[in-house]
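# Per-entry structural report
Take a look at the letters that make up each chain.
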Amino acid sequence: MYKSFYNLTRNPFDLSPDPTCFVATARHNEALAALYYGIVRHKGVVVVTGEVGTGKTLMLRCLLQLFKSSSEISYAYLFNCRLSSNEFLHYVAADFGLEANEQRSKSGLLLDLSRYVTSRGLQGLTTVLIVDEAHNLSVELLEEIRLLSNLETNDDKLLQIVLVGQPELDLKLDSFDLRPLKQRIAFRAHLSPLDEQDTEKYIHERLAIAGAGSRAEPLFSPEALKAINKYSKGFPRLINTICENALITGYAQQLTTISPEIITGVARDFHLSSNGFKLNKKADGEADLDLERAKNFFLDLYSAMKRPTESDSELNAPITVEAGEHESDI
């Protein structure tokens, strides 16, 4: 809609993770280097975390595009972690191109995966399991992944495992039950939001990819760039959202340069001045009181059920629970 008005060849701020629009900031370069080195050097498990909207999936798409051009790398890419243990193994085996019909047993799938990975390892080839949204993995699945990491020789890891997710993944991996998996992690990287300088670079490079390099005047004023960093807090996904809607508004008003007022209006429309809140979150004291009330209610109910009855006819009579010493509100 606004492309011809601003002399652009494409939409510069699409939300879809298109590798051709990847802007390599210092933070993303560091994470990509850790991923690539860990995989090609067969280090085993690599973990990358980052808040929502920091560009994790786009970075993975760039990595997968690199893998597709290589005849030496085979990968399975899991993007939905809400699976049971058997569903997980079926999915991984199928994505590697192995037979994985519903009748296959877990032992059969594990045997096929072991043979496949070992065969490729003996040929000097690389096999990679990539898990996006890994913070949604259950403890059971994380343990299953740890067991897959045992596919190794005396001097080489045969299956390279990449776990990418939100910071909750770090919390899970730091738990006591998952300490065996944590000890197998060879590299860890974290994607943090962009600072003001990187935000400006990100916007300029996305515009250049879309053909805005020939413009005599900047599309976003310096003050608008500062406002974008303020309201987006440096998250690339929010930067895209703000810039896309600012260009639409600018086109509607026939503005050749986006002003900070436009950015403020977009941020207000998307409620970006709020940090958000958690639903149904009770204070600790209130939650403890609810727990105490529930406990006391069931204590009273149990006591009433244990009272001896005078005749068999009373067995079918309703049980009356009196509010007493334990709970005055029942």
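Details of the structure are given in the entry above.
So, here's what we can say about the structure. (Residues numbered from 1 in each chain as written. Predicted model: local features only at pLDDT ≥ 70, side-chain atom pairs only at ≥ 80, totals over all residues. Heavy atoms only, no water.)

## Considering a nonpolar patch on the surface
The condition that has to hold: Patches here are clusters of residues that have more than 30% relative accessible area and form no salt bridge, with a 9 Å joining cutoff for like charges and a 5 Å cutoff for nonpolar side chains (Val, Leu, Ile, Met, Phe, Trp, Tyr). Every accessible area reported is derived by Shrake-Rupley at a probe size of 1.4 Å, with residue values counting cover from the shown protein chains alone. Put simply, a salt bridge is a Lys or Arg side-chain nitrogen that is within 4 Å of an Asp or Glu carboxyl oxygen. Labels follow the DSSP assignment, with helices taken as runs of H or I lasting at least four residues and strands as runs of E lasting at least two, numbered in each case from the N terminus. Note on exposure labels: buried denotes an accessible area under 20% of the residue type's maximum, exposed denotes more than 50%, and partly exposed covers the range between, all computed with a 1.4 Å probe on protein chains only.
A contiguous nonpolar surface patch, about 240 Å² in accessible area, is contributed by Tyr 36, Val 40 and Leu 66. The topology assignment puts Tyr 36 in helix H1 (residues 26-40). Its relative accessible area of 39% is what places Tyr 36 among the partly exposed residues.

## Side note on the pairing of strand E2 (residues 73-78)
As a reminder of what qualifies: Between any two strands, pairing holds if DSSP finds at least two bridges.
Summarising burial for E2: 5 of the 6 residues are buried, a large majority. One ladder, built from 6 bridges, connects E2 with strand E3 (residues 126-131); its direction is parallel. When the sheet's bridge partners are listed, Ser 74 is paired in E3 with Thr 127.

## What to know about the environment of Leu 8
Short version of the rule: The criterion used for residue contact is that any of the two residues' heavy atoms lie within 4.5 Å.
Here Leu 8 is to be found in the segment before H1. Under the relative-accessibility criterion, Leu 8 is labelled buried at 8%. Between the alpha carbons of Leu 8 and Gly 213 there is a distance of 9.2 Å; along the sequence they are 205 residues apart. The contact partners of Leu 8, leaving out residues within four places of it in the chain, are Tyr 2, Lys 3, Ala 210, Gly 211 and Ala 212.

## A few points about helix H5 (residues 139-148)
Quick reminder: α-helices carry 3.6 residues per turn. Residues three or four places apart thus point the same way. Along H5, the positions that sit buried rather than exposed are Leu 141, Leu 142, Glu 144, Ile 145, Arg 146 and Leu 148. Taken together, the buried residues of H5 touch helix H3 (85-95), helix H4 (106-122), E3, strand E4 (159-165), helix H6 (168-173) and helix H7 (179-182).

## Some remarks on the nonpolar core
Short version of the rule: Side-chain atoms within 4.5 Å are what join buried Ala, Val, Leu, Ile, Met, Phe, Trp, Tyr and Cys residues into a set we call a nonpolar core.
Phe 88, Leu 129, Val 131, Leu 137 and Leu 163 are the most contacted members of the largest nonpolar core, which has 32 residues in total. Among the elements of the structure, strand E1 (45-50), E2, H3, H4, E3, H5, E4 and H6 are those that each provide at least two residues to this core. Once residues lying within four places of it in the same chain are set aside, the contact partners of Leu 137 are Cys 81, Val 131, Leu 142, Ile 145, Leu 163 and Lys 172. Grouped together as the second largest cluster of nonpolar side chains are 29 residues, Phe 13, Leu 194, Ala 210 and Tyr 231 included.

## Let's talk about the state of the cysteines
Rules: Whenever a pair of cysteine sulfur atoms sits within 2.5 Å, that pair is classed as a disulfide.
Counted according to the given criterion, the structure contains 0 disulfides. Cys 62 takes part in no disulfide bond, and the closest cysteine sulfur to it belongs to Cys 21, at a distance of 9.6 Å. Take Cys 62: its relative accessible area is 15%, and that puts it in the buried class.

## Notes on the sheet that holds E1
To be explicit about the condition: An axis is simply a line fitted to the C-alpha atoms; with a helix, the fit covers only the stretch in contact. Between two such axes, the angle follows the N-to-C directions and lies from 0 to 180 degrees.
Spatial ordering of the open sheet is given by E2-E3-E4-E1-E5, a layout of 5 strands whose pairing is parallel. Lying at the two open borders of the sheet, with one neighbouring strand each, are E2 and strand E5 (185-191). Strand-to-strand twist of the sheet, defined as the mean angle between neighbouring strand axes without regard to direction, takes the value 15°. Bridge analysis of E1 against E4 gives 5 bridges, and the strand direction is parallel.

## Topic: the side chain of Arg 206
So the rule is basically this: Here the positive residues are Lys and Arg and the negative ones are Asp and Glu; neither His nor the chain ends is included.
Within the element layout of this structure, Arg 206 appears in helix H8 (residues 196-209). Notably, Arg 206 is buried but unbridged: the nearest opposite-charge side chain belongs to Asp 14, and the N-O separation is 6.6 Å. In this structure Arg 206 touches Pro 12, Phe 13, Asp 14, Cys 21, Val 23, Leu 58 and Asn 240, once residues within four positions along its chain are discounted.

## Some points on the packing of H3 against H4
Inclusion rule: The crossing is said to be left-handed when, going from far helix to near helix, the turn is anticlockwise and less than a right angle, and right-handed when the turn is clockwise.
In the contact formed by H3 and H4, the axes pass within 10 Å of each other and the chain directions differ by 35°. The handedness of the crossing between H3 and H4 is left-handed. Residue-level contacts link Ser 85, Asn 86, Leu 89, His 90, Val 92 and Ala 93 of H3 to Lys 106, Leu 109, Leu 110 and Leu 113 of H4.

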